[in-house]
Each structure stands twice: as C-alpha cells, then as structure tokens.
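What follows is the residue order along each chain.
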Amino acid sequence: MSKPKIASDWMAGCAGCHMSLLDMDERIIKIAELADLRATPITDLKEPDESGVDVGVLEGGINNTANEEVAHRMRQRSKILVALGDCAVFGGVPALRNFCGIQEALQRAYVEAESVDESGKIPSDPELATMTKVRALSEVVPVDVFVPGCPPEADVIYYVLSELAQGRTPELKDELLHWH
Amino acid sequence: MTQKITIEPVTRIEGHAKVTIRMKDDGSVDHAYLHINEFRGFEKFCEGRLYFEMPQITPRICGICPVSHHLAAAKAGDDLMGCPPPRPASLLRELMHMGQIIQSHGMHFFELSGPDLLLGFDADPAYRNVVGLIGADPQLTLKAVNLRKFGQEIIKTLGGRKIHPTFAVAGGVNKSLKVAERDGIRSGMADAIATTQAGLQIMKDWAAKNQDDINKFAVLSTGYFGLVTSNNGLELYDGDVRLIDRAGQQLEKFDGRNYLDFIAEHVEDWTYLKFPYYKKLGWPNGVYRVGPLGRCNASDLIETPLANEELKQFKALGNGQPVEHTLYYHYARLIETLFAIERVGVLLDDPDVLSTDILNTKQEFKGRGVGIIEAPRGTLFHDYTADENGQLLKVNLIVSTGHNNWAMTEAVDSVAKTYIKAGQPVQEGMLNRVEAAVRAHDPCLSCSTHAIGQMPLIVDVVDPAGNVLQTLRRD
Ligand code: SF4
C-alpha cells in the first residue's frame, strides 16, 4: 500500500503554525517515513495533487479572494481537512481587522503612514487579491479536524499528523488541548 | 503578442508571493514583477490597543521571527513610557534574540535554500526539499534540525514557548535566568558552532564550483543598511543605524529613532509591499539592501573571533567594495549565525546575566516611542504614539523584508532576463532560479505585509496583448 499523502498551505496567518510543525524536530523524519509530504510551503510542489491527498492541513484564516481559492481547492482535494491553529479555527489575531474597515486599514498603511511619500495610494493591480472580512476556515468550507493553539504545540501537531497518517482519528482532549 | 509566465506560489519562502514575467514578441523577457498579495492591517487594528499588549499582538505578524516583533514592541514600550531596562534585562533580551537569529538563519540555509544548493537548482521539484535532503544526507539534515532546535530552546528557556514567547515587557523582562538554564544553553554551543562551520564549508565549496551562476545571478548595485556598534561592528540587538553607499562609503550613521528624517516609503500599484528608500537620494536612487548581506557590508568588523575571521574572507570577495552578489546572502547568513552563537557565549559569561534586577518600574511618560532591532531579515521599526493612558493612537511599522523589496523585484527581473531567452523553451529549473532570486533574500512576507501575509509563486508568461501564453506552477 502506498503511503498516505499529506499537503499543507498557509493563508492569513503568520507561518507560526508551520514553524511549530518544524519544532517537532527529528520527529519530522518519522512523519516523512509514515506519509508522503506533497505540496507544502517548505516543499516545491505548488498545489495539492489533482488526484487528491489523504490529509490537507491549512494554517491561517481567510481574508481575501486568493485565500478562498486555496481553501476550496484544499477541501476538494483532501479526504480529511485539518484547521491548524487559532487563525484557521477561529480567525485569530488577524480577525481584529474586522473591527475596523478594510478601506480604513488600507488607507492607513498605504497613504497616511508617516513614512509613506507622495506616491502613496492603495494598490489595486488586477494581479492582487481582493480583501474580504476575516473568517475562520469552517466559515468557508467544512472542516474535519480542529487543532487550536497559537500555535499548537509541536507535540500536538506530531500526534495529530501521526494518527492521521496511520488512518486513525486524533482525539484532542486534556493535555493535548492545553497550551501555554 | 505579449506573453506572461506566472510562478505561483513561490515556494520555500515565508508567506505567499507570485511572479509574473511579461514577454516581448520575440519571446525574450520584457519585465518580471514580484507581487506580494496579502494585507492584514496591523497598523490600523492596533490603534486603540494598550502599549503593553503589543509585545503579544505584533509577534502574530510573523511566526518565523516573532521574537523580533516581541522585542521591538517592548523596546518601543521602553521609549514610549520612559523606562529604560536595567542592564541584565537587556542582556537577556539579546540572548533571546540570538536564539532567534540562530534558528531562523539555520533553518533558512539548510531547510529552505539548502535544497537548491545541495540538490541543485535543476533537481526534480518533487524531491527538491527537506525530505530530499534527508534522503541525500541524513546526518547533515539531523545536525541542521538540531541547530534550529538549539536556537528555539534558548527562546523557550527564557520565554516559556518556542513561538510567540511571553518574556519582554516595557522596562525589562518578566523572568531571570537560572544557573542550570545557563549551563544547559552553554552545553549546546559546541555542536551549534560545528554545524554552522560545516555549513560555511558547504557554501564555500558550492561557490567554488558555481562561480558562473553566482556572477550572473542578480549582481546589484545598492546602498547597504544595518545596525552597528560604536566601532562599526556588526550589531543585531541595539545600536545606531549605518548606511553606506554603492562604493562602501558611509552616507549616514544615525539614531534609528529619527528614521523619518532618513527613510521614506514608495508605493507601487502591483504589490502590497512598500518600498523604503534613503530620502536624501530619493526614489529610486536611494535604494539599499538589508539583512545578512546588507549588514555584513555595512559593518567593518565583527566583535567575536570566529565570525570576524569569516567576515574578513567574505569582504575579500569585494576587493574593498561592497559584495554585491545576491547569492552571497547565503554566505553572509552563515557568518551571522556563527556570530550569534559566539555572542550567546559572551552573554552567558557576563556575571549580570544571572541578576534578578530585570525590571525598571519607574516610568516617565513620553507619548511616542520607537523600537528598533535587527530581525534576521533586516532592520525592523515599531513606532507608537499613545495617549497618557498608554492607549495607542498611531502605529507605524517598517518591516525588514520591505527594505529589500526593490532588490527582490530587481533580482527577479534580472534573473528572468539572464536565464529565459528568446526561442528557447522555458524550463522548470529556470523558473526555480527566478524563485531562488526571491528566496536568497529569505523574505518574510507575513512580516512585510503586516500589511501582507501570503506568498505563493505562479509564473504567467503574457504576450503584449495581455494574453497568458504559459502558466507554470509545480504540481
Ligand atoms: S494561530 Fe497563531 S501561530 Fe498560527 S498562524 Fe495564527 S497567529 Fe500564527
């Protein structure tokens, strides 16, 4: 039997959840033995396989149209979708933006900021994504496994991935839900 | 007809980015652009927060260098509330910062850019990653993992967690260092030095074999910018900002709190990342580079012996001029890693490092505070204005990767033009080199777009009429 495939990506987060994944240190070698790491931010494949992966992991909330695409694609191509970290689970710190307007935030950063010169304007090139309200992953697509924490501890991520890679459903309770 | 190649996402960098390469009719490159495609708005939504929340909120800008934001926010708090920390607290903050430099630089060299250098730019993208490295050299990979762990453990020892620690507060830190903790950190130093030296050897061997790539890969003429000690030695925690020009002459040396007199930011329509530049020379003449290459060029020496020897060899590459090769960012990054480990030793040997005099509780409210630090990727500025309750009225952030925005954009354009030629099919390895031009700067796009947060790489080849001729993604 071939190894289960895992893919991951990040959206509106800080990369800290992926760094916590790397904090499992030498156990990453164990995960690489149990599973086939496909497209992730630290590998060179760009997208989860069209033929699908067993486990898709997403970090970060959804705050623009590009993130929406990433979320939908990962959902479509994964048997099990994991929301990794507070941003994906609840929206996290970036969701503070929902308390001020998007336009106000853009205006502050690109026009009003003390250091911006007279070229200041809100970028609007068609190559750029459009901002939306910041949402948790489950507000956009159905999620199978929620792993809270900012970031979740490396031990917890290791437990979740190794269980999933062995075809079991991780059960997050007690110490595993306790973070500092 | 104009074509466009899109590379999305750019991989093995922090955050999401996209490159578009616009082609001329004859199939040669017209211009390549780097688009940073996310905006989170920290500057706005932090208005109204209390100054003491900032060392916890702003690290969420970036999980790779959360300690830089944590410390810059605390330093801005020191300045805003008029409560300079006692010396032991500064030593401990710097110790935590060295932990971060070691983990971030170590990870970048071995785990993010290492696959290009060790497996090759043209290696199969399915294996050109850290798992491929495990297969190719398991012992080296394990050492690299342990180097990162050494840095992360320093952060955890002081701040309770490896990512988003809770340690620095305005006026000092919240925990002193115990003897056993100091000795624990010390016991890991020898291995960390050995691994970094092995990395330096790998870099030098690679450079000797790939001189051709190095010489034609985005050699850019810019100013260089970074904190220095009073002797113009490399400094990562606290010091004046030094800016040198393209020929290596000092243009300015200033207290970073006055940054608005020296730096301004330019905005372009096609990216959410702003472009800082040296005001007196104007945009775009005043562009400069930061991060390891910027700092190694902007400083004259390093005040620890092993790293200083390496810096001398590095400087010899420039023959008295700054070293301009983008691929030497990797070299400079390892020299700094060596310095950071040696600096850990200096800090641990200081008798004050075990002192419990770690917090200055006397405050003299100032109304505005600026915190500056050398994050792994370059100089970071946090600038807060608050009312007398310490509630923030204005927040301005200039983040490390931003200073390199011009250089990254220029490097992408230059590498695309060097490797993609009219009449030749575009190959994956060429596009990986375009990505490597971004990767060499180790951009932190979450940071740079605190402001932004996402950086995939798609290359669209577009014809002059705007039709997409070819889209390259790796999947
Ligand atoms: S949950 Fe925390 S660590 Fe994870 S992406 Fe969000 S801010 Fe970063």
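See the structure printed just above.
Everything numeric in this text was worked out from a predicted model, so none of it was measured. (Residues numbered from 1 in each chain as written. Chains lettered and ligands numbered in written order. Predicted model: local features only at pLDDT ≥ 70, side-chain atom pairs only at ≥ 80, totals over all residues. Heavy atoms only, no water.)

> Please explain the overall build of chain A as it appears in this structure.
What chain A contains, in helices and strands, is 6 helices and 7 strands. Put simply, chain A runs from its N terminus to its C terminus through helices and strands in the order β-α-α-β-β-β-α-β-α-α-β-β-α. The C-alpha atoms of chain A give 18 Å as radius of gyration, which agrees with the globular expectation for 180 residues (16 Å, within 12%). Along the first, second and third principal axes, the C-alpha atoms of chain A reach 60 × 35 × 30 Å. For chain A, with 180 residues in total, the buried portion stands at 65%. Considering only residue pairs separated by 6 or more positions, chain A has 79% of its internal contacts joining residues 24 or more positions apart. (Helix = DSSP H or I, 4+ residues; strand = E, 2+ residues; numbered from the N terminus. Rg over C-alpha atoms; globule rule 2.2 N^0.38 Å. Buried < 20%, exposed > 50% of the residue type's maximum accessible area, 1.4 Å probe, protein only. Contact = heavy atoms within 4.5 Å.)

> I'm lost on the packing of helix H8 (residues 189-209) of chain B against helix H11 (residues 305-316) of chain B in this one. Help?
The relative placement of two packed helices is expressed as an angle between their axes plus a distance between the axes. Residues and elements named next belong to chain B. Their axes nearest at 13 Å, the elements H8 and H11 cross at an angle of 10°. What the angle tells us is that H8 and H11 run roughly parallel. Taken together, the residues of H11 that come into contact with H8 (itself represented by Ile193, Gln197, Leu200 and Lys204) are Leu306, Glu310 and Gln313. Classifying every residue of the contact of H8 with H11 gives 3 nonpolar, 2 polar and 2 charged. (Axes fitted to C-alpha atoms, helices over the stretch in contact; angles between N-to-C directions. Parallel < 35°, antiparallel > 145°, perpendicular 65-115°, else oblique. Nonpolar A, V, L, I, M, F, W, Y, C, P; charged D, E, K, R; others polar.)

> Got a minute to help me understand the state of the cysteines in this structure?
Cysteine pairs can be covalently joined through their sulfur atoms, and such a bond is termed a disulfide. Residue and element names in this part refer to chain B. This structure, assessed with the given rule, holds 0 disulfides over all chains. Cysteine Cys65 remains unbridged, with the sulfur of Cys62 as its closest cysteine sulfur at 3.5 Å. Judged by relative accessible area, which is 2%, Cys65 ranks as buried. (Disulfide = S-S within 2.5 Å.)

> Hey, could you run me through the pattern of salt bridges in this one?
A pair can form between side chains of opposite charge whenever their charged atoms are brought close. Going through the model one piece at a time under the given rule, you end up with 49 salt bridges over all chains. Between Lys149 of chain B and Glu26 of chain A there is a salt bridge, with the nearest N and O atoms lying 3.6 Å from each other. Taken together, the positions of Lys149 of chain B in helix H6 (residues 138-159) and Glu26 of chain A in the loop between helix H1 (16-22) and helix H2 (27-34) put the pair across two chains. Looking at Glu26 of chain A, the relative accessible area reads 34%, which means it is partly exposed. When the shortest N-O distance is used, the salt bridge between Asp349 of chain B and Arg186 of chain B registers 2.7 Å. With Asp349 of chain B in helix H12 (residues 329-349) and Arg186 of chain B in helix H7 (residues 179-187), this pair connects stretches of sequence that are 163 residues apart. (Salt bridge = Lys/Arg side-chain N within 4 Å of Asp/Glu carboxyl O.)

> Can you help me understand H11 of chain B in this one?
Every α-helix carries 3.6 residues per turn, so stepping three or four residues along brings you back to the same face. Residue and element names in this part refer to chain B. The end-to-end C-alpha distance of H11 is 17 Å, a good match for the 16 Å that 12 residues give at a rise of 1.5 Å each. Of all the residues in H11, the buried ones are Ala307, Asn308, Glu310, Leu311 and Phe314. When H11 is viewed along its axis, its buried side chains cluster within an angular range of 160° and face the same direction. Turned more than 90 degrees from where H11 packs its buried face, Pro305 and Ala316 sit exposed. Against H8, helix H10 (291-298) and H12 lie the buried residues of H11. (Expected span 1.5 Å × (residues − 1). Arc of directions from axis to C-beta.)

> Even after reading the chapter, I still don't get the packing of aromatic side chains, so can you show me in this structure?
Each aromatic ring pair is characterised by the separation of its centres together with the angle its planes make. Under the counting rule described, the total for this entry stands at 18 aromatic pairs over all chains. Consider the rings of Tyr259 of chain B and Phe381 of chain B, whose centres lie 5.0 Å apart with planes at 40°: the pair is tilted. Within this pair, whereas Tyr259 of chain B is found in the loop between strand E8 (250-254) and strand E9 (263-266), its partner Phe381 of chain B is found in strand E13 (residues 378-386), the two being separated by 122 residues in sequence. We classify Tyr259 of chain B as buried; its relative accessible area is 0%. Residue Phe381 of chain B is classed as buried on the basis of its relative accessible area of 1%. Between Phe314 of chain B and Tyr331 of chain B, the ring centres sit 5.5 Å apart and the planes meet at 80°, which makes this aromatic pair edge-to-face. Placement of Phe314 of chain B in helix H11 and of Tyr331 of chain B in helix H12 is noted, with a sequence separation of 17 residues between them. Each member of the pair, Phe314 of chain B together with Tyr331 of chain B, is buried. A connected cluster of aromatic rings, assembled from ring pairs, spans Tyr33, Trp270, Phe275, Tyr277 and Trp283 of chain B. We note Lys75 of chain B situated over the ring of Tyr237 of chain B; from NZ or CZ to the ring centre the distance is 4.3 Å. Sitting over the ring of Tyr110 of chain A, Lys274 of chain B keeps its end group 5.6 Å from the ring centre. (Phe/Tyr/Trp six-rings, centres within 6.5 Å; stacked < 30°, edge-to-face > 60°. Lys NZ or Arg CZ within 6 Å of the ring centre and 35° of its normal.)

> When you look at the sheet that holds strand E5 (residues 78-84) of chain A in this model, what are you seeing that I'm missing?
Sheet strands pair via backbone hydrogen bonds, and the direction of the pair is either parallel or antiparallel. Residues and elements named next belong to chain A. Read across the sheet, 5 strands follow the order E2-E1-E3-E5-E7 without closing on themselves; strand pairing throughout is parallel. Edge positions in the sheet fall to strand E2 (36-37) and strand E7 (145-147), since each of these pairs with one other strand and no more. As defined by bridge partners, E5 adjoins E7 across 3 bridges and the pair is classed as parallel. Within E7, the position partnered with Leu84 by the bridge is Val147. Lying on the sheet, helix H3 (residues 65-77) is in contact with strand E1 (5-10), strand E3 (53-59) and E5; it crosses E5 at an angle near 135°. With respect to the sheet, helix H6 (residues 154-165) is in contact with E1, E3, E5 and E7, its orientation differing from that of E5 by roughly 175°. (Pairing = 2+ DSSP bridges.)

> What am I meant to see in the sheet that holds strand E14 (residues 392-398) of chain B here?
All names here are of chain B. In spatial order, the strands read E12-E13-E14; together these 3 strands make up an open sheet with antiparallel pairing. The open sheet has two edge strands, strand E12 (368-375) and E14, and neither has a second partner. Between one strand axis and the next, the sheet turns by 15° as a mean value, whatever way the strands run. The pairing of E13 with E14 spans 6 bridges and is classified as antiparallel. From the neighbouring strand, Ala386 faces E14, where its bridge partner is Leu392.

> Help me understand unusual backbone geometry in this model?
Most peptide bonds take the trans configuration, and most residues that are not glycine carry a negative phi. Geometrically, the link from Cys150 of chain A to Pro151 of chain A is a cis peptide bond, its omega value of -10° lying close to zero. Phi is positive for Ala15 of chain A, which is not a glycine, with a value near 80°. One can find Ala15 of chain A in the loop between E1 and H1. Even without being glycine, Asn232 of chain B reaches a positive phi, approximately 65°. Topologically, Asn232 of chain B is positioned in the loop between strand E6 (223-228) and strand E7 (240-244). With relative accessibility at 13%, the residue Asn232 of chain B sits in the buried group.

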